[in-house]
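Descriptive analysis of the structure
Single-letter residue listing:
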Amino acid sequence: MMGISWIALAFVVAMVGATVGLGFYATRKAQTASDFFVAGRSVSVFWNASAISGEYLSAASFMGIAGLLMKYGYDALWYPVCYATGYLFLLLFIAGPLRRFGAYTIPDFAEGRFDSPMFRRIAVTFVLFIGFFYTMPQMKGAGVVLGAIMNWPYWVGIAVVGAVITFNVAFGGMKGITFVQAFQYWAKVFAISVPVFVLMSVYGGYGKNLGANSGHKQGTAREHELPYDRLHDVAYIGQDEERQVEPSAPGHTPVVARDVLLKFKGHEGYPANGLSFSPMDVTRLEFPKGVTFDKVLPGPFAKDSKGERLPFRDDYAPGLKGNEGGDGLSVPPGGVLEAHPFVNHDARTTEHYGSRAAKVEIKEQTTAVLKAGSPAPNAPADRAWLRPFGPLSAKHGYPLLYTYSLIIALICGTAGLPHILVRFYTNPDGRAAKRTTLWVMVMLGSFYVFPPIWGVLGRNAMPWLYANDTTDSIVIRLPTILQNKLLGEILSGITAAGAFAAFMSTFSGLLVSMSGALAHDIYGKILRPKSSPEARMAAFKVSAVAIGVASMGLGLLVETFDIAKMVGWAFAIAAASYFPLLLLGAWWKGLTKYGAASGMLVGGFASLAAIVTSMLLDKKIVTIPVTPLVRSLMEQPAIWGVPLSIGIMIAVSLLTRSSLPRDISMKMLRLHAPEEMGLSKNYIEH
Amino acid sequence: MPDRTVLELSAEEHATLAHRVMRRQGALSLRVAAVFAVLVLGLPLVNAYWPDLANAEVGGFTVTWLFLGVLFYPITVALAFYFVRKSDKIEAECTDWRAVLADEASGREVGR
């Protein structure tokens, strides 16, 4: 994977060409401002559902879930499941009423429901916040895919893809995208399913590959295996101040079948420069260029530069050795690092109480050869991976809490995503909006069965991706293990094209809704209410370019974050801001503009602040002492963010009852009455 | 009142209509949501407190993996299908606002 994969490149170029070409073809038909913003509102249920699904299946769905599932196992299944079934909530409470109300965007809804142009200004802010959180992972997807097939640096992929899509959106608008999004849904389903069927025909099915991780494998250090409660494994270790985050329950990790060359970015790539070794088997890593380790954990393994300190007896803790006379902290060129498992030892009782993983951090950029027969560093053990409450949710010690918070974020968040909701206005009526949602659920469910299969196959076939934290690239790389190199290249090209479709469609949709918010809501309604349609179109184009550039800049910062997790955060913010606004706005007559605005702002910003702080803590940019419980609640804030937002909305609304619009009954009726009653009204005239 | 349109009704009549339509749709939505909530929020409890069942093996899968990773999608689609059918029926019954108001005045429930 060091050169350029020409076949994959050809597939990607074909996909980009088809997307841009279809976009321009359709643009010639987009005439009015209404066409430009929501595609003329005349799309059939089937095509609209395809387009919604196409827009929704982002890099997180196409690449991120497979990568996250490979990395964390069972817990990551909640992502695809809730991404898909969140639409049920949307269907039950929001799809019909919102379409009936006849507003284009969430800010339109905010203004119409509360008769408050002021609220529009406030409501529009979260289109941008959620949008940027959603674009970051799309940009990472672009960087990873082009890194894998072109061997380009991360930033080049982002620059190229970002520029192409921004250009396409600025000159095509959304009519182009309705066609293109529908086409891209089918392209993505093809690309995620067909290659994995070929791979399963060679390497065995879903169940067989999953069963390979049920813990029946033999290992060289099996005598160290002891009963161990995984959930108690989150603890402070030894003398080191740092909290050990990887649960290292005894259990086997996948073993690499052949020597594999790995690249490490060193410090700059933190935390992907850390290596946590198997607690069960010996791992051997050869460093052709030599290496220096920054930290050697846990404490008992650390030797000072004179090689003198060894708190544990050698027979318990043979530890890390640089075979060429290294002192445990640096390995000379060509030296081999051997990481032996060791057994934790209670000095008072002289009883073993569990084996632990050795851990190092690599200081400078280097390459390493992971020797055949070594267990993959950083891979979670079989049992922790296969079962619920593994390394994702148990990371901070509150697995059940973490799981519930994640579920709430994803399910409620789906119902509050601005770039998806705008698509519901392309339905002819509320009834069609419900049918469309049903079809979306069918289409998404059919898609989301597949990404986890990639993750499962990937764990068994390419475990070395764990070592430098590149599991996000598994859907691109996995096909290349096939004996038939040409077939492997072709399948890899198909998935690369699918990944392109994924981040192109989602990024386009986000760009449209963010630029629309700027042009339509801020420029058109606030700054220049009297501006001509032409001026608004120009504002749209300028906004698209500005937001495209900002997204590329943000994308550069997030290389070490998991794609699917970042998208999960966008959902958490949507869940605590727009979801309560829409849910209560559509179903509770008593919601006032003050209640809605304060709940949305407090819930949304509190969640945003918690997530950003959590990211900075992960990156070690800030270090503030927080208890594991608080840390868990910061990383997954929905479990308090959503009730907080709803609670404030109710409380403030009750206090400001006098500010309810006078025709509130009419508004509620318009939200819920069938179109045949003759109440519908559109906020933008055709 | 045959010469009035729905837009010209009094605020009280709008409130009555809205209340009626929302109550029936809302009850349906809550019913389906409750089934869904039991499934999605109950599974983590089964995983936590009944691990022997959750982690039992079925053809390489664990029971909980098979349920969440494969079967969950068709189950939610079935719930959605049920909702859309019922919801359409309610709308069909509520379309004639004159009948709804007349029924409300005589204390009966439409379509029951």
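Residues numbered from 1 in each chain as written. Chains lettered and ligands numbered in written order. Predicted model: local features only at pLDDT ≥ 70, side-chain atom pairs only at ≥ 80, totals over all residues.

Take the overall build of chain B next. Scanning chain B from N- to C-terminus turns up four helices and two strands. What you see in chain B, going N to C, is helices and strands ordered as α-α-β-β-α-α. On C-alpha atoms alone, chain B measures out to a radius of gyration of 22 Å, which is more than a quarter above the 13 Å that the 2.2 N^0.38 rule sets for 112 residues. In terms of principal-axis extent, the alpha carbons of chain B reach across some 70 × 25 × 20 Å. Buried residues in chain B amount to 30% of all 112 residues. Long-range contacts, defined as pairs at least 24 residues apart, comprise 54% of the intrachain contacts of chain B with a sequence gap of at least 6. (Helix = DSSP H or I, 4+ residues; strand = E, 2+ residues; numbered from the N terminus. Rg over C-alpha atoms; globule rule 2.2 N^0.38 Å. Buried ≥ 20, exposed ≤ 12 C-beta atoms within 10 Å, placed from the backbone. Contact = placed C-beta atoms within 7 Å.)

Let us look at the overall build of chain A. Along its length, chain A carries 23 helices and 11 strands. When the 686 residues of chain A are sorted by exposure, 61% land in the buried category.

All names here are of chain A. With their axes 7 Å apart at the nearest point, helix 20 (residues 593–618) and helix 22 (residues 638–655) run at an angle of 160 degrees to one another. Taken together, helix 20 and helix 22 sit at an angle that is classed as roughly antiparallel. Here the hand of the crossing between helix 20 and helix 22 comes out right-handed. Only Gly 641, Val 642, Leu 644, Ser 645, Ile 646, Ile 648, Met 649, Ile 650, Val 652 and Ser 653 of helix 22 make contact with helix 20, whose side of the interface consists of Tyr 594, Gly 595, Ala 596, Ser 598, Gly 599, Met 600, Val 602, Gly 603, Ala 606 and Ser 607. Grouping the constituent residues of the contact of helix 20 with helix 22 by class yields 12 nonpolar, eight polar and no charged. (Axes fitted to C-alpha atoms, helices over the stretch in contact; angles between N-to-C directions. Parallel < 35°, antiparallel > 145°, perpendicular 65-115°, else oblique. Left-handed = near helix turned anticlockwise from the far one by under 90°. Nonpolar A, V, L, I, M, F, W, Y, C, P; charged D, E, K, R; others polar.)

Contacts between the two partners involve 44 residues from chain A, matched on the other side by 47 residues from chain B. Residue assignment for the side of chain A that touches chain B shows that the elements contributing at least two residues are helix 5 (78–101), helix 10 (206–211), helix 12 (399–414), helix 14 (430–448) and helix 23 (664–672) of chain A. The element contributing the most residues to the side of chain A that touches chain B is helix 14 of chain A, with eight residues.

The next point concerns the domain arrangement of chain A. Looking at chain A, the domain boundaries give domain 1 (6–201 + 388–677) and domain 2 (222–251 + 255–378). Each residue belonging to the side of domain 1 of chain A that touches domain 2 of chain A can be placed in one class, and the counts come to nine nonpolar, four polar and four charged. (Domains from an automatic or database assignment.)

Residue and element names in this part refer to chain A. Ranked by internal contacts, the top residues of the largest apolar core, which has 227 residues, are Ala 499 and Ala 575. At 20 residues, the largest contribution of residues to this core is made by helix 17 (residues 485–527). Of the domains in this structure, domain 1 (6–201 + 388–677) and domain 2 (222–251 + 255–378) are the two that each give at least three residues to this core. Among all residues touching Ala 575, those that are not within four sequence positions of it are Ile 408, Ala 409, Cys 412, Gly 413, Gly 416, Ala 638, Gly 641 and Val 642. (Core = buried A, V, L, I, M, F, W, Y, C linked by C-beta atoms within 7 Å.)

In summary, the side chains of a regular strand alternate between the two faces of the sheet. Residue and element names in this part refer to chain A. In terms of burial, strand 7 (residues 335–339) is a largely internal element, four of the five residues being buried. Sheet topology note: the strand 3 (residues 283–287)/strand 7 ladder contains five bridges and is antiparallel. Looking at the pairing, Thr 283 lines up with Ala 339 of strand 7. (Pairing = 2+ DSSP bridges.)

For the rest of this paragraph, the subject is unusual backbone geometry. Residue and element names in this part refer to chain A. The phi dihedral of Asn 378 falls on the positive side, at around 70 degrees, and the residue is not glycine. Locating Asn 378 in the fold gives a position in the loop between strand 11 (366–370) and helix 11 (382–386). The exposure class of Asn 378 is buried, given the 23 C-beta atoms found within 10 Å. Phi at Asp 469 takes a positive value of approximately 55 degrees, unusual for a residue other than glycine.

In this section: the confidence of the model for chain A. All names here are of chain A. Of the residues in chain A, 81% reach a pLDDT of 70 or more, and the chain-wide mean stands at 80. Element-level pLDDT for chain A is lowest in strand 5 (residues 320–322), with a mean of 42, against a maximum mean of 97 in helix 22. Low pLDDT (under 50) marks residues 217–250, which in the prediction has 70 contacts with non-local residues, meaning those over four places away or in another chain. Here residues 298–328 is a poorly scored stretch, pLDDT under 50, and it has 69 contacts once near neighbours within four places are set aside; other chains count. (pLDDT = per-residue confidence, 0-100.)

To continue, consider helix 19 (residues 563–587) of chain A. All names here are of chain A. Its 25 residues give helix 19 an end-to-end C-alpha distance of 34 Å, which sits within 8% of 36 Å, the value for a rise of 1.5 Å per residue. At Ala 575, helix 19 shows its largest kink, close to 45 degrees. Along helix 19, 24 of the 25 residues are buried, which leaves the element largely enclosed by surrounding structure. (Expected span 1.5 Å × (residues − 1). Bend = angle between axes of the 7 residues up to and from the residue.)

Residues with a pLDDT of 70 or more make up 92% of chain B, whose mean pLDDT is 86. Listed scores for the predicted complex are pTM 0.87 and ipTM 0.90.

On to the environment of Ala 95 of chain A, then. Residue and element names in this part refer to chain A. With respect to the helices and strands, the residue Ala 95 is situated in helix 5. Ala 95 gets classed as buried once you count the C-beta atoms within 10 Å, which come to 25. Taking the C-alpha atoms as reference points, Ala 95 and Phe 183, 88 residues apart in sequence, are found 23 Å from one another. Every residue in contact with Ala 95, bar those within four places of it in the chain, is listed here: Leu 90, Phe 424, Ala 433, Lys 434 and Thr 437.

Right, let's talk about helix 5 of chain A for a bit. All names here are of chain A. Over its 24 residues, helix 5 runs 32 Å from end to end, which matches the ideal 34 Å to within 8%, given 1.5 Å per residue. A maximum bend of about 60 degrees is found in helix 5 at Leu 91. Burial analysis of helix 5 places 24 of its 24 residues in the buried class, the great majority of the element. Once helix 5 ends, the next one or two residues include Gly 102, with phi positive near 80 degrees.

Bringing the pairing of strand 3 of chain A into the picture now. All names here are of chain A. Judged by which residues are buried, strand 3 turns out to be one-sided: Thr 283, Leu 285 and Phe 287 face inward and are buried, whereas Arg 284 and Glu 286, on the alternate face, are not. For strand 3 and strand 11, the ladder comprises two bridges, and the chain directions are antiparallel. Among the inter-strand pairings, Leu 285 is bridged to a residue of strand 11, identified as Leu 370.

This part is about the packing of helix 12 of chain A against helix 19 of chain A. Residue and element names in this part refer to chain A. Where helix 12 contacts helix 19, the two axes come as close as 7 Å, and the packing angle between them is 65 degrees. Seen from above, helix 12 lies across helix 19 with left-handed handedness. Facing Leu 406, Ile 408, Ala 409, Leu 410, Cys 412, Gly 413 and Thr 414 of helix 12, the residues of helix 19 in contact are Gly 568, Phe 571, Ala 572, Ala 574, Ala 575 and Phe 579. Looking at the contact of helix 12 with helix 19 residue by residue, the class counts come to 10 nonpolar, three polar and no charged.

All names here are of chain A. Positionally, Met 537 belongs in helix 18 (residues 533–556). Judged by the 16 C-beta atoms lying within 10 Å of it, Met 537 falls in the partly exposed class. Remark: the alpha-carbon pair of Met 537 and Pro 153, spanning 384 residues in sequence, is separated by 35 Å.

All names here are of chain B. Examined against the element boundaries, Val 46 turns out to sit in helix 1 (residues 11–49). Counting along the chain gives 18 residues from Val 46 to Thr 64, while the straight-line C-alpha distance between them is 8.7 Å. Apart from the residues lying within four places of it in its own chain, the contact partners of Val 46 are Leu 53 and Ala 54.

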